[in-house]
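Okay, here's what each chain looks like letter by letter:
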Amino acid sequence: MTHPHDRALPRAVRQAMPMARDVLEEVAKQHGVCIRPVPLRRLDTLTGTSEVIDVPCGAVLDSKCPPCAKRNRQLRMAQCREGWHLDTEPAITPDESNEEQHWLVEFRADMQAKRDAAEQAGDDTTDLDAVLSGLDDQINSAGMRGSVTGSAVPKRTRSTRRRQDAPDLPKRKMTNTTLGRTFTSGDGKTYRPSLFVTLTLPSYGRVRDGVPIDPGTYDYRGAARDALHFSKLVDRFVQNLRRVAGYDVQYFAAVEPQKRLAPHLHMAIRGTLPRAEIKQIAAATYHQVWWPQAEKVRFDGDHLPVWDEEAGYLDPGTGEVLPTWDEALDALDEDAEPLHVLRFGEQVDVQGVLAGTPDADQCIRYLSKYLTKSIGDTLDGGQTQREHAARMVDALRYEPCSPTCPNWLRYGVQPKNAKAGMAPGRCRSKAHKPEHLGYAGRRVLVSRKWSNKTLAEHKQDRRTWVLEALGQTDEPTDPHRYIWRPVPAGDANVPPLAVRLLRSVHERQRWRAHLRELEARAAGQDLSAIEDMGRAA
Ligand SMILES: [Zn+2]
Ligand SMILES: [Zn+2]
C-alpha cells in the first residue's frame, strides 16, 4: 500500500491519488448524505439545553448539493404523482404552522439581522442574500404563502384592455371542482385522462444546436425580458385555462432550460381539454409589463445620479430630483405603451395521459429531469454556447429585473425603496446571474389544490412511515419547543466538515442496516416502497 506522503513517490503519482476529502465526499454522495451541511444551534426550551445540529443544505440554501438536489427531485416526483389523477376533491384546510415553519421563520429573521449588520458595516452581502432568497423559497414550499417581509402595498390598478389581436376564447360556466371528467368504456372501466403540456417562448432569431446562427440579429433583449417575466405569462395561461375549462384546473409544472437558454414549461394538468383548445389558449395568452421605459439611457459611465439623504437620487448635472418609482408609474398615461409584452411561441405540445400508465410515469420523470440543474447550466458547454450565454448575461446587465432594481437609475427613475449606494449594472438579484439568465422564479410551480399535501408534508410522511416501520412513533413536537440560531463561522463547537460527513455516513449505514433487517423479517412482502423511503429519508 503506497502512502500519499511518501516522498519517494514521483510527484505525478502523488497528485494522481484522490484526495482523502474527495473520496469522503464521494462516499457521502453514494449514501445520499448532504455534503454541504449547515450547522445550526438548536436551543431546547423544555430542557434548557442546546446543541449544534447539521441541517442539510437543501433545507436552507438556494443552491443544493448533489445529494440534496437528488432527494428534492424524488420528493417532487412523489408530489407530482400524488396529485395528477386525484379522484376525490382534495380537502384544503390551512395547516397549523409546524415546527419546520417556525424555525424557518425564526432563522430567516436571524439571517436578515446578520445581513443588515453586514451591510451597515460595508461588508459584501452576496452570500447572505443568497441564503435569504433560498430561505424565502423554503418558507413558501413549507406551506406558508407569501413572503415573510410581506407586500402590504395595495396593487395599482391599470387598464387591462385586451389588445386587438388577441383572439377571443370560449368560456364555460364555472363549476366548483378541481377534478377533470372521466370516461367509462364499454366494459365498465373508468378512465381518468389528463394532460401533459409543454409551452415554449417565441423565436428570437434562428438557432442551430441551441446557438444563434447570427448573434448580431438575435433578439437578446427580447429573450432577456421574456425570461425576467416568464412566471407572469404562466400565471396568465393558468387564468385563461381555468376560464375556458370551466373548473378549478390544478397543475404541477416545472420551468426548465432549453438549449437556446430560454426557460420553457412542462405542465402536468389534472383533467383534460381538447388539444385545439389548449393551443388556442396558449396563442391568446399574453402578459403586459407596465413599467416605465427602459430604452433611453439617461445616465451611464461616470455620469450617474447622486444620492441625497433628503430627496433621494438627483441628476448629477442639474440637481433635479429624479422621479420616484411611484411617480414614474403614475406618469404612464392612457397612451402609454407597456415596456414589454410576452407571448408564448408557436410550439405548443399537448399530450393526453391516462392515470396509472407508463406514459404518466415517464412524464413525471421528464418533468423533474432538469430540477437539479439551473437555467444557465449549458447543456453541452461548448465554446459557442458559452459565448451565447455571455451575450445573454450582457443583455441582462442593465435590464431592470424588478421595481427595486438599481438599473432604473440608468433610465432616470429612482428604484422603489431607493437607498444610498445604488448603481446601474450592480444589481445583486439572482435574475442577472449567469446561473439564472433572467429567470429567478421557482423551478416548480404547484397549484394550491394539487394534492392535499405540501412538500414539507410529503417529507414528514416519509419520515413517519419509516419510523413506524422501525417500530418507533414519530411523536408530534411542540412547535415552540426549539429555537434555532445560526452558528458563527469558526465556532469551536462545530467539528471539521470531514468529521461531520463521516458521522452522517455512519448514521446512514446504521439506518440502512435497520431497513435490511426489516426486509429480511418481512420477506415476501412488497418492499420496494420501504427501499424508496430509505433512500429518501
Ligand atoms: Zn446538501
Ligand atoms: Zn436587478
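Described below are features of the structure shown in this document. Worth saying up front: this structure is predicted, and the values here are computed from it rather than measured.

## Comments concerning the coordination of the zinc ion (ligand 1)
The protein atoms that coordinate the zinc ion (ligand 1) are Cys34 (SG), Cys57 (SG), Cys65 (SG) and Cys68 (SG), at distances of 2.3 Å. Every donor residue of the zinc ion (ligand 1) comes from the same chain, spaced as C-x22-C-x7-C-x2-C. Taken as a pair, Cys34 in the loop between α2 (20-30) and β1 (38-44) and Cys65 in the loop between α3 (57-60) and α4 (66-84) lie far apart in primary sequence, 31 residues in all.

## Observations regarding the coordination of the zinc ion (ligand 2)
Binding of the zinc ion (ligand 2) to the protein goes through Cys401 (SG), Cys405 (SG), Cys427 (SG) and His432 (NE2), at separations of 2.1 to 2.3 Å. Each of the four donor atoms bound to the zinc ion (ligand 2) contributes to angles spanning 102 to 115°, and the resulting shape is tetrahedral. In primary-sequence terms, the residues that donate to the zinc ion (ligand 2) follow C-x3-C-x21-C-x4-H. Taken together, the residues span a long stretch of sequence, with Cys405 in the loop between α12 (383-397) and β15 (444-446) and Cys427 in the loop between α12 and β15 at a distance of 22 residues.

## Re unusual backbone geometry
Here the phi dihedral of Asp209 falls at roughly 60°; this positive angle occurs in a residue that is not glycine. Looking at the element boundaries, Asp209 is found in the loop between β6 (207-208) and β7 (211-212). Here Leu437, not a glycine, exhibits a phi torsion of approximately 50°, which is positive. In this fold, Leu437 is placed in the loop between α12 and β15. Leu437 gets classed as buried once you look at its relative accessible area, which sits at 1%.

## Observations concerning the pattern of salt bridges
Side-chain pairs of opposite charge can arise where the charged atoms are in close proximity. Overall, the coordinates contain 16 salt bridges when judged by the stated rule. The closest approach of N and O atoms between Arg298 and Asp315, which form a salt bridge, is 3.3 Å. Here Arg298 is found in the loop between β10 (286-289) and β11 (306-308), whereas its partner Asp315 is found in the loop between β12 (312-314) and α10 (325-330), with 17 residues between them in sequence. With relative accessibility at 32%, the residue Arg298 sits in the partly exposed group. The buried category is assigned to Asp315, whose relative accessible area is 9%. Where Arg410 meets Asp300, a salt bridge forms, and the shortest distance between an N and an O atom there is 3.0 Å. Taken together, the residues Arg410 in the loop between α12 and β15 and Asp300 in the loop between β10 and β11 connect sequence positions 110 residues apart. The buried category is assigned to Arg410, whose relative accessible area is 12%. Each of Arg221, Arg225, Glu295 and Glu399 takes part in a single network of salt bridges with overlapping partners.

## Quick look at the side chain of Asp44
Tracing the sequence through the fold places Asp44 in strand β1. The buried category is assigned to Asp44, whose relative accessible area is 9%. Here the side chain of Asp44 touches Leu46 through a polar contact of 2.9 Å, landing on its backbone nitrogen. There is a polar contact of 3.4 Å between the side chain of Asp44 and the side chain of Thr47. The contacts of Asp44, once residues within four sequence positions are left out, are Thr49, Arg481 and Tyr482.

Parameters and conventions
- Residues numbered from 1 in each chain as written.
- Chains lettered and ligands numbered in written order.
- Predicted model: local features only at pLDDT ≥ 70, side-chain atom pairs only at ≥ 80, totals over all residues.
- Heavy atoms only, no water.
- Donors = N, O, S within 2.8 Å, 3.2 Å for Na, K, Ca; no water.
- Helix = DSSP H or I, 4+ residues; strand = E, 2+ residues; numbered from the N terminus.
- Tetrahedral: all angles 85-135°; square planar, octahedral: opposite > 155°, others 65-115°.
- Buried < 20%, exposed > 50% of the residue type's maximum accessible area, 1.4 Å probe, protein only.
- Salt bridge = Lys/Arg side-chain N within 4 Å of Asp/Glu carboxyl O.
- Polar contact = N/O pair within 3.5 Å; in protein donor to acceptor, adjacent residues only side chain to side chain.
- Contact = heavy atoms within 4.5 Å.

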